[in-house]
Amino acid sequence: MLETEKGRAEVSRFTIDLAIRIALIAGVVYVSLLLLRPVAPLILWAIILSVAVYPLFKVMRRRLHLRSGLTAAVLSLLLLVLLLTPVVVLAGSAIETLNAYAQMLLRGDHVVPPPPESVRAWPLVGERIYEFWMHGSEDIRALVASHVGQIASLGRWIGRIAAGVVFEVLQFAGAIIVAGILLAYAERLGETVSGLAGRIADTRGRHFVEITGSTIRNVSQGVIGVALLQSALLGVGMLVIGVPFAGAITFVCLVLAIVQVGPNIVMLPVIVWVWFEQPALAAALFTAYTVPLLLLDNVLRPILMARGLQTPMAVILAGVICGTLAGGLIGLFVGPVVLAVFYDLVTAWIAGGHRIGGEAASQKVEAVDQRS
């Protein structure tokens, strides 16, 4: 009886101690996440950036013979220049174009070109669009004065978008700085993460870490890299041909390419405008230059995203699209990682079931043979 009561007391004490420890750990984790919540997007972006550029970091450190901290600082400065230079150029182009139109408006010049006669033939709305367009072409001041409220609402909407873009750029710049700090301690942090993953799921956990790193790098090259290349080349073509607001259109093309919509819905009207406003030869050259670029992502993206991964391309692409719809730009990277890990878990589970079933079948065969 005493032994039974003593055993029950020990089990009760152990249960209480375990509950207290779990509660303390859960409380510390909850408070830590609560403290990190305001900067969680910045930290997540920093982790994604550091994983994406880690191969470049190793190459720079080996070629330049620099210490890890100095290499990380140089790479961070390079990334900041690559981020801020296009932003400054685009902002300068937009301000210059708006200032030119404002000067034309003050002088009373024709800001809007007259509409082509073919607009009248458009079904249902052609006549209204033609009259509105012609009114704006003949007297833009009267048109602006008669739609002050709508223009003010549009200006506030554009202002909110511009403020959001500025905030995102500043957040991304901060993430680059934090990524530089992470890269300076990359080896130590990598060992810690691998050890933690191994502690949780042994070799499978380390395999998940490798899948995460490879997926982030492939998505950054296949989506972000191709989008930057495509939008930059499109922007160069628009600047050469003299398209108004070329900087803003280039930025819109970049965003649409990243979210997997594609710049076609923006560039096709630009091509039409070029054919109306430029000589036939210049319009033909611009079209011949632009159309292959609109198809560039369809060729390069699958090659770069599937390189070195055992996960099927359909799973990665589904993660990119669903992650972007669910979590925005960060979801673009989180979605493929989650689906890649989930796919690996499912395939390992299925393979394990087949292996266990095969072992059980072989044991039955051996048992039958022994009986016979």
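Report follows, based on the coordinates.

**Considerations on the nonpolar core**
Part 1 of the reasoning: In terms of nonpolar packing, the biggest core is built from 36 residues, with Leu 75, Val 219, Leu 332 and Phe 333 touching the most fellow members.
Part 2 of the reasoning: Elements that contribute at least two residues to this core include exactly α2 (40-52), α3 (54-64), α4 (68-107), α7 (148-184), α8 (186-241), α9 (246-258) and α13 (313-371).
Part 3 of the reasoning: No other element matches the 8 residues that α13 contributes to this core.
Part 4 of the reasoning: Apart from residues lying up to four places away in sequence, Leu 332 is in contact with Val 219, Val 223, Ile 224, Ile 258, Val 320, Gly 323 and Thr 324.

**Things to note about α2**
Part 1 of the reasoning: Between its first and last C-alpha atoms α2 spans 18 Å; for 13 residues at 1.5 Å apiece the expected length is 18 Å, and the two agree.
Part 2 of the reasoning: All of the buried residues in α2 are Trp 45, Ala 46, Ile 48, Leu 49, Ser 50 and Ala 52.

**Some remarks on the packing of aromatic side chains**
Part 1 of the reasoning: In total, this model carries 2 aromatic pairs according to the counting rule given.
Part 2 of the reasoning: Measuring from ring centre to ring centre gives 5.2 Å for Trp 45 and Phe 172, while their planes differ by 75 degrees; the resulting arrangement is edge-to-face. Placement of the pair is Trp 45 in helix α2 and Phe 172 in helix α7, with a sequence separation of 127 residues.
Part 3 of the reasoning: Judged by relative accessible area, which is 7%, Trp 45 ranks as buried.
Part 4 of the reasoning: Among the residues examined, Phe 172 registers a relative accessible area of 24% and is labelled partly exposed.

**A word on unusual backbone geometry**
Part 1 of the reasoning: For His 65, which is not a glycine, the phi torsion comes out positive at approximately 55 degrees.
Part 2 of the reasoning: Within the secondary structure, His 65 sits in the loop between α3 and α4.

**Notes on the pattern of salt bridges**
Part 1 of the reasoning: Under the criterion given, the structure shown has 1 salt bridge.
Part 2 of the reasoning: Arg 61 is the salt-bridge partner of Glu 187, the closest N and O atoms lying 2.7 Å from each other. Placement of the pair is Glu 187 in helix α8 and Arg 61 in helix α3, with a sequence separation of 126 residues.
Part 3 of the reasoning: Given the relative accessible area of 31%, Glu 187 is considered partly exposed.
Part 4 of the reasoning: Under the relative-accessibility criterion, Arg 61 is labelled partly exposed at 22%.

**As for the packing of α8 against helix α11 (residues 280-294)**
Part 1 of the reasoning: In contact at an axis separation of 10 Å, α8 and α11 are set at 175 degrees when each is read in the N-to-C sense. Considered as vectors, α8 and α11 are oriented roughly antiparallel to each other. The residues of α11 that touch α8, namely those facing Gln 230, Leu 233, Leu 234, Val 236, Gly 237, Met 238 and Ile 241, are Ala 282, Phe 286, Tyr 289, Thr 290, Leu 293 and Leu 294.
Part 2 of the reasoning: Partitioned by chemical class, the residues of the contact of α8 with α11 number 10 nonpolar, 3 polar and no charged.

**Examining the side chain of Gln 230**
Part 1 of the reasoning: Along the polypeptide, Gln 230 turns up in helix α8.
Part 2 of the reasoning: Among residues more than four places away in sequence, those in contact with Gln 230 are Ala 257, Pro 263, Leu 293, Leu 294, Leu 296 and Asp 297.

**Here we look at the side chain of Ser 231**
Part 1 of the reasoning: Along the chain, Ser 231 falls in helix α8.
Part 2 of the reasoning: Overall, the relative accessible area of 6% leaves Ser 231 in the buried class.
Part 3 of the reasoning: For Ser 231, the side chain forms a polar contact with the main-chain oxygen of Leu 228, separated by 3.2 Å.
Part 4 of the reasoning: Not counting residues within four places of it along the chain, the set of residues in contact with Ser 231 comprises Thr 250, Cys 253 and Leu 254.

**Side note on a nonpolar patch on the surface**
Part 1 of the reasoning: Together, Phe 251, Val 252, Val 255, Val 259, Val 261 and Ile 265 make up an exposed nonpolar region whose accessible area comes to about 460 Å².
Part 2 of the reasoning: Examining the composition of the nonpolar patch, we find that 3 residues originate from one element, α9, more than from any other.
Part 3 of the reasoning: The topology assignment puts Val 252 in helix α9.

**Focus: the environment of Arg 61**
Part 1 of the reasoning: The sequence separation of Arg 61 and Leu 75 amounts to 14 residues, and the corresponding C-alpha distance is 9.9 Å.
Part 2 of the reasoning: Leave out the neighbours within four places in its chain, and Arg 61 touches Leu 66, Ser 68, Thr 71 and Glu 187.

**Here's the deal with the packing of α8 against α9**
Axis angle and axis distance: for two packed helices, these are the angle between their axes and the distance between the axes, and together they describe the pair.
Part 1 of the reasoning: Running from N to C, α8 and α9 cross one another at 155 degrees; their axes reach a closest spacing of 9 Å. Between α8 and α9, the angle is such that the two are roughly antiparallel. Read as a crossing pair, α8 and α9 show a hand that is right-handed. Residue-level contacts link Val 223, Ile 224, Ala 227, Leu 228, Gln 230, Ser 231, Leu 234, Gly 235, Met 238 and Leu 239 of α8 to Ala 246, Ile 249, Thr 250, Cys 253, Leu 254, Ala 257 and Ile 258 of α9.
Part 2 of the reasoning: Partitioning the contact of α8 with α9 into residue classes produces 13 nonpolar, 4 polar and no charged.

Rules and cut-offs
Residues numbered from 1 in each chain as written. Predicted model: local features only at pLDDT ≥ 70, side-chain atom pairs only at ≥ 80, totals over all residues. Heavy atoms only, no water. Core = buried A, V, L, I, M, F, W, Y, C linked by side-chain atoms within 4.5 Å. Buried < 20%, exposed > 50% of the residue type's maximum accessible area, 1.4 Å probe, protein only. Helix = DSSP H or I, 4+ residues; strand = E, 2+ residues; numbered from the N terminus. Contact = heavy atoms within 4.5 Å. Expected span 1.5 Å × (residues − 1). Phe/Tyr/Trp six-rings, centres within 6.5 Å; stacked < 30°, edge-to-face > 60°. Salt bridge = Lys/Arg side-chain N within 4 Å of Asp/Glu carboxyl O. Axes fitted to C-alpha atoms, helices over the stretch in contact; angles between N-to-C directions. Parallel < 35°, antiparallel > 145°, perpendicular 65-115°, else oblique. Nonpolar A, V, L, I, M, F, W, Y, C, P; charged D, E, K, R; others polar. Polar contact = N/O pair within 3.5 Å; in protein donor to acceptor, adjacent residues only side chain to side chain. Patch = residues over 30% accessible without salt bridge, like charges linked within 9 Å, V, L, I, M, F, W, Y side chains within 5 Å. Areas by Shrake-Rupley, 256 points an atom, 1.4 Å probe, with all protein chains shown as cover. Left-handed = near helix turned anticlockwise from the far one by under 90°.

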